[in-house]
Amino acid sequence: AINLFGQGSSNMHTACIINSSFSENSASIGGAINAFMVSPLILNSVFWHDTADYGPEIQGNCEFVEIAYSNIDTSLVFNQNHEILIGDGDINEDPAFTDTQLTISSNSPCLDGGIAGVTCHGRTWEAPVYDLAGIPRPQSGGFEIGAYEVMFVEIPDQSEVRSQKSEVRCFPNPTSGMVDFRVSNFDFRGVMLKLYDINGKEVALIYEGNLTEGNHTVPFD
């Protein structure tokens with residue numbers, strides 16, 4: 001959970017929580033966020049199954065709490081005797097995390113549900129250029145809700161496949177464990193299959209050798 005503490009009331013946002021993910025947190029006050037005399041703007045963020053004695057997801061004692069383009073049950077937000085502003089783009093659905101790191105799946109309702117940035121009370125707040133794993137934003141049609149973008153592997157069209165006489169796909173995608181690289185050859189040829197990170201650095205040599213015409217599966221952990 002995050003504690004935000006200020007020194008006085010304000011008629012503008014003095015903090016922004018953007019592209020963050022909170023799940024299964026517990027606290028005595030504010031299971032995800034406790035804002036005291038700080039008026040936070042919350043964007044592109046996931047709140048899921050956080051608990052607390054006061055303010056199950058977000059507890060505020062400030063001029064206002066504003067939430068937009070986030071995955072949250074807004075009935076679990078409390079701001080003692082002050083405003084709660086519900087903006088555009090909020091949803092309340094299972095974020096479909098794939099692991100304990102709160103990575104979302106390619107079927108998540110948070111996919112493309114975020115926003116690049118907003119101008120509020122005369123100040124512009126923008127989504128971070130990279131996600132928590134260092135992946136550039138956005139990866140697909142829009143910014144994700146949450147700390148991670150979903151990376152898609154681009155598959156060449158069939159005209160490109162025919163000219164190269166080969167095709168590579170990977171399953172499952174995305175993955176954090178075992179993955180199968182499926183190589184389709186249109187003739188006998190030498191194949192070198194390498195894995196690179198997002199900075200272009202070679203991470204692993206997955207396969208090097210000859211493959212016959214047809215379909216082949218190369219497992220990799």
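Use the structure listed above.
Conventions adopted
Sequence order as written defines residue numbering, which begins from 1 separately in each chain. Predicted model: local features are reported for residues with pLDDT of at least 70 only, side-chain atom pairs are reported and counted for 80 or more only, and whole-chain, interface and lining totals are derived from all residues. Derived side-chain values reflect all non-hydrogen atoms in the structure, with water molecules and hydrogen atoms excluded from consideration. In this description a helix means any DSSP run of H or I spanning at least four residues, a strand means any run of E spanning at least two, and both kinds are numbered starting from the N terminus. Every radius of gyration here is taken over C-alpha atoms, with the globule rule written as 2.2 Å times N^0.38, N being the number of residues. A 1.4 Å probe rolled over the protein chains alone gives each residue an accessible area, and that area as a share of the maximum for its type sets the label: buried under 20%, exposed over 50%, partly exposed in between. Whether two residues are in contact is decided by their heavy atoms, any of which lying within 4.5 Å being enough. The accessible surface values rely on the Shrake-Rupley method and a 1.4 Å probe; as for residues, cover is taken only from the protein chains in view. Two strands qualify as a pair provided that DSSP identifies no fewer than 2 bridges between them. Lines fitted to the C-alpha atoms define the axes, with helices restricted to the stretch that makes contact. Angles between their N-to-C directions range from 0 to 180 degrees. Here a salt bridge means any side-chain nitrogen of Lys or Arg lying within 4 Å of a carboxyl oxygen belonging to Asp or Glu.

1. Side note on the overall build of the protein
Scanning the protein for helices and strands turns up one helix and 19 strands. Relative to the globule expectation of 17 Å for 221 residues, the C-alpha radius of gyration of the protein, 22 Å, shows a markedly less compact shape. Along the first, second and third principal axes, the C-alpha atoms of the protein reach 75 × 35 × 30 Å. Across the 221 residues in the protein, those meeting the buried criterion constitute 39%. A separation of at least 24 residues holds for 55% of the contacts in the protein among residues at least 6 apart in sequence. When the accessible area of the protein is evaluated, it comes to approximately 12,000 Å², of which 49% is carbon and sulfur surface.

2. Side note on the environment of V191
On the secondary structure map, V191 appears in strand β17 (residues 189–196). According to the relative accessible area criterion, V191 is buried, its value standing at 14%. Along the backbone, V191 and G142 are 49 residues apart, and their C-alpha atoms lie at a distance of 35 Å. The residues touching V191, leaving out its near neighbours within four places in the chain, are N185, Y207, E208, G209 and L211.

3. Description of the sheet that holds strand β1 (residues 2–5)
As summarised here, the arrangement of the four strands in space is β1-β5-β9-β11, forming an open sheet in which the pairing is parallel. Taken across any chain shown, the strands that pair with only one partner, and hence form the sheet edges, are β1 and β11 (77–79). Going across the sheet, the axis of each strand differs from the next one's by a mean of 5 degrees, ignoring polarity. For β1 and strand β5 (residues 33–36), the ladder comprises four bridges, and the chain directions are parallel.

4. Description of the pattern of salt bridges
Evaluation of the coordinates by the stated rule reveals three salt bridges. Here K194 and E202 are joined by a salt bridge, their closest N and O atoms 3.4 Å apart. Under the relative-accessibility criterion, K194 is labelled partly exposed at 31%. Judged by its relative accessible area of 39%, E202 falls in the partly exposed class.

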